Amino acid sequence: MSVTASPAQTAPRPSPQSVRTDIEVSCRLPLLGLFGSGVLWLLLGLLFALIATLKFHNPRFLSSEAYWTYGRMHAAHTTALLYGFGVQTALGVGLWLLCRLGRAPLAAPGVVLVGIALWNTAVTIGLIAILCGDSTGFESFEMPAYVSAMLFVSYLLIALCGVLTFHRRAEGNLYPSQWFVLGSFFWFPWIFSTTSMLLLCLPVRGVMQSSVAWWYAHNFSSIFLGFAGLASIFYFIPKLMNRPLHSYYLAAMAFWTLALFGSWGGIPGGAPLPSWIISLGVVGTVLTTVPLLAVAANLFHTVRHDLNALDNHLTLRFTYVALVFWLLAGVQQIVGVLPDVSALTDYTWFTVAHWELFHYGFFAFAMFGAIYYIVPRLLDWVNPPMWSPGLVKCHFWLTFVGILISYLALLVGGVGQGFLLANPKYSFAQVMMSTLMALRAGTPGDLFIIIGTIFFLLNFALLLLRWGFRYWVENSGGLRKERL
């Protein structure tokens, strides 16, 4: 990916009004479909996660049917979050960025709508199959083989329209957000097709299956979702601060080093694999310090003279919080793979805490910040803002506080669990009983996140109702004038 702009170049120039209007109209239905269905899947996934958590408090809760067992609830939760919410919102924000930065309308929006319908159908079938016990058993790759082909085809329908839009762009210079969007668009079909081949079509044997599953789960989160979130952050912080990005070269270094080193990890230290494979993963994860520092330095120097202005815009507030969570998750991941630390924290709630911080803290916040900015422009209604300020505030604080409560409870509980597991005085049953306090302390955090998501969906529904009413009034008024 070549760097075609100098470090002093400002954020992308706004498109002419007529071009912007064409872009928003072409994106309207596809993006509303991606965002709306994605957040509905998020709420469903959170409900599954809450049920799974409550089973630690009361094992008899919903124990009459196999559908409600912890294993199925947890698999349904991760599937709804990653494939229902994660992929769709990443595609939605990515398509909009390619259109806006390239100053080109979305190519073949009808094909994108077909892809969205097929994707949601496939995820629904896969989720029902998981609840019925037909799961692959691989973390983050739970849906059965007969769903994989539909997922792959529907993704290609959407992503190829994005690539075609990029090809038709009117703006020659590339902005860093475009690098990250294209990287994420190409990364998912590569890792998904490879994993499907090695686990479902021509399955490898023994521990190699677990190795492939670990590799896929790590790349899905760290690279695919990571690139999507960083694309949003690199676009909105300079744009809404009305300042140039400090350095395009630091952005390029962050992109390439994260793509190169970020894909190596994911294999736990105690895995039954040759030591050089585990060591290679440790080295790769530690080397992600480079993109971590590059992104932090680049964006800090971009906003350092106007730090107080970060709270002045709704999207900025979500975006800079997402950046902070990404940095914290990256530091925890690097510390967690060090041999002395991993011996203590592997296979504990410590790794679950990192998973939640990355997905709910970084990725979800980045996507919500982008949605709050994009949707009013899709509906051509920015002033006055369509969002209800009270509902937005409730969504932000409930989600923010919920993530902190859940994360800190799991983090402390995981470290304590590691110390107890290392102590031969305690049996495994005693160790598990000791973690119940941390799980109970984190449950209110899950509830806060669910309530915050409900507030967002209510706000989203009210927004669409207001726009529909305004659209109906304007068009009915025009019809009356024509008749007169």
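Cut-offs applied
- Residues numbered from 1 in each chain as written.
- Predicted model: local features only at pLDDT ≥ 70, side-chain atom pairs only at ≥ 80, totals over all residues.
- Heavy atoms only, no water.
- Helix = DSSP H or I, 4+ residues; strand = E, 2+ residues; numbered from the N terminus.
- Rg over C-alpha atoms; globule rule 2.2 N^0.38 Å.
- Buried < 20%, exposed > 50% of the residue type's maximum accessible area, 1.4 Å probe, protein only.
- Contact = heavy atoms within 4.5 Å.
- Areas by Shrake-Rupley, 256 points an atom, 1.4 Å probe, with all protein chains shown as cover.
- Salt bridge = Lys/Arg side-chain N within 4 Å of Asp/Glu carboxyl O.
- Phe/Tyr/Trp six-rings, centres within 6.5 Å; stacked < 30°, edge-to-face > 60°.
- Lys NZ or Arg CZ within 6 Å of the ring centre and 35° of its normal.
- Axes fitted to C-alpha atoms, helices over the stretch in contact; angles between N-to-C directions.
- Parallel < 35°, antiparallel > 145°, perpendicular 65-115°, else oblique.
- Disulfide = S-S within 2.5 Å.
- Polar contact = N/O pair within 3.5 Å; in protein donor to acceptor, adjacent residues only side chain to side chain.
- pLDDT = per-residue confidence, 0-100.
- Left-handed = near helix turned anticlockwise from the far one by under 90°.
- Core = buried A, V, L, I, M, F, W, Y, C linked by side-chain atoms within 4.5 Å.

A.B. asks: Could you clarify how one ought to interpret the overall build of the protein in this entry?
C.D. replies: Tallying secondary structure elements over the protein gives 15 helices and 0 strands in all. For a compact globule of 484 residues, the expected C-alpha radius of gyration is about 23 Å, and the protein comes in at 23 Å, within 12% of that figure. Counting only C-alpha atoms and orienting by the principal axes, one finds that the protein spans roughly 85 × 55 × 50 Å. Split into buried and exposed, the 484 residues of the protein put 53% on the buried side. Across the protein, the fraction of contacts at a sequence separation of at least 24, relative to all contacts at a separation of at least 6, is 85%. About 20,400 Å² of surface is accessible on the protein, with carbon and sulfur atoms providing 69% of the total.

A.B. asks: So what exactly am I meant to see when it comes to the pattern of salt bridges here?
C.D. replies: In a structure, side chains of opposite charge can pair up when their charged atoms sit close to one another. Under the counting rule described, the total for this entry stands at 2 salt bridges. The shortest N-O distance in the salt bridge between Glu-24 and Arg-100 comes to 2.4 Å. Of this pair, Glu-24 sits in helix 1 (residues 17–57) while Arg-100 is found in helix 2 (residues 70–102), placing the two residues 76 residues apart along the sequence. Accessibility classification places Glu-24 together with Arg-100 in one group, the buried group. Glu-171 is paired through a salt bridge with Arg-103; the nearest N and O atoms lie 3.3 Å apart. Remark: Arg-103 occurs in the loop between helix 2 and helix 3 (109–131) and Glu-171 occurs in the loop between helix 4 (145–167) and helix 5 (176–201); sequence separation between them is 68 residues.

A.B. asks: What is the right way to read the packing of aromatic side chains from this model?
C.D. replies: Given two aromatic rings, their pairing is described by the distance between the two centres and the angle made by the two planes. Considering all chains together, one arrives at 49 aromatic pairs under this definition. For the pair Trp-387 and Phe-460, a centre-to-centre distance of 6.5 Å together with 35° between the ring planes defines the contact as tilted. Residue Trp-387 is found in the loop between helix 12 (349–378) and helix 13 (389–421), and its partner Phe-460 is found in helix 15 (residues 436–483); the two are separated by 73 residues along the sequence. Residue Trp-387 is classed as buried on the basis of its relative accessible area of 6%. Note that Arg-169 overlies the ring of Phe-166, its terminal NZ or CZ placed 4.2 Å from the centroid. Between the NZ or CZ atom of Arg-317 and the centre of the ring of Phe-396, over which it lies, the distance is 5.8 Å.

A.B. asks: So what exactly am I meant to see when it comes to the packing of helix 2 against helix 3 here?
C.D. replies: Interhelical geometry of helix 2 versus helix 3 gives an angle of 170° and a closest axis separation of 9 Å. Compared by their axis directions, helix 2 and helix 3 come out roughly antiparallel. Contact with helix 2, carried on its side by Arg-72, Met-73, Ala-75, Ala-76, Thr-79, Tyr-83, Gly-84, Val-87, Gln-88 and Leu-95, involves Val-112, Ile-116, Trp-119, Asn-120, Val-123, Leu-127, Ile-130 and Leu-131 of helix 3 and no other residues of that element.

A.B. asks: Would you mind showing me how to read unusual backbone geometry here?
C.D. replies: A negative phi angle characterises most non-glycine residues, just as the trans form characterises most peptide bonds. Here Arg-103, not a glycine, exhibits a phi torsion of approximately 55°, which is positive. Its identity is not glycine, yet Ser-140 carries a phi of approximately 70°, on the positive side.

A.B. asks: I tried to follow the environment of Ser-177 on my own but got confused; where do I start?
C.D. replies: Among the secondary structure elements, Ser-177 is positioned in helix 5. Looking at Ser-177, the relative accessible area reads 0%, which means it is buried. Separated by 54 residues in sequence, Ser-177 and Ala-231 have C-alpha atoms that sit 4.2 Å apart. Residues in contact with Ser-177, not counting those within four places in the same chain, are Leu-97, Leu-101, Ala-231, Phe-234 and Tyr-235.

A.B. asks: Before we go on, may I ask you to explain the state of the cysteines in this structure?
C.D. replies: Formally, a disulfide is one covalent bond, and it connects the sulfur atom of one cysteine to the sulfur atom of another. By the definition in use, this model includes 0 disulfides. Cys-27 takes part in no disulfide bond, and the closest cysteine sulfur to it belongs to Cys-99, at a distance of 3.6 Å. Residue Cys-27 is classed as buried on the basis of its relative accessible area of 0%.

A.B. asks: Got a minute to help me understand the side chain of Asn-120 in this structure?
C.D. replies: Residue placement: Asn-120 occurs in helix 3. The buried category is assigned to Asn-120, whose relative accessible area is 15%. A distance of 2.8 Å separates a polar atom in the side chain of Asn-120 from a polar atom in the side chain of Trp-41. Reaching out from Asn-120, the side chain makes a polar contact with the backbone oxygen of Ile-116 at a distance of 2.9 Å. Contact partners of Asn-120, with chain neighbours within four places excluded, come to Ser-37, Trp-41 and Gln-88.

A.B. asks: I keep staring at the confidence of the model for the protein and nothing clicks. Help me out?
C.D. replies: A low pLDDT score tells you not to read the predicted coordinates there in detail. Per-residue confidence for the protein gives a mean pLDDT of 89, with 93% of residues at or over 70. Per-element confidence in the protein ranges from a low mean pLDDT of 82 for helix 15 to a high of 96 for helix 3. This stretch, residues 1–10, has a pLDDT under 50; its non-local contacts, to residues over four places away or in other chains, come to 26 contacts. Of the regions scoring below 50 in pLDDT, residues 479–484 engages in 0 contacts with residues more than four places distant in sequence or in other chains.

A.B. asks: Explanation requested: the packing of helix 4 against helix 5 in the structure shown.
C.D. replies: Packed helix pairs are specified by the crossing angle of their axes together with the interaxial distance, meaning the distance between the axes. In contact at an axis separation of 11 Å, helix 4 and helix 5 are set at 160° when each is read in the N-to-C sense. By the angle between their axes, helix 4 is roughly antiparallel relative to helix 5. Helix-helix and strand crossings are classified by hand; for helix 4 and helix 5 the assignment is left-handed. Side by side, helix 4 and helix 5 meet where Ala-145, Ser-148, Leu-151, Phe-152, Tyr-155, Leu-156, Ala-159, Gly-162, Val-163 and Phe-166 of the first sit next to Gln-178, Leu-182, Ser-184, Phe-185, Phe-186, Phe-188, Pro-189, Phe-192, Ser-193, Ser-196 and Leu-200 of the second.

A.B. asks: Got a minute to help me understand the nonpolar core in this structure?
C.D. replies: Within soluble globular proteins, side chains that are nonpolar generally end up buried alongside one another. Tyr-83, Phe-188, Phe-220 and Ile-374 are the most contacted members of the largest nonpolar core, which totals 146 residues. Take this core: its biggest share by element is 21 residues, from helix 12. Among residues more than four places away in sequence, those in contact with Phe-220 are Leu-82, Tyr-83, Val-87, Phe-188, Ile-191 and Leu-225.

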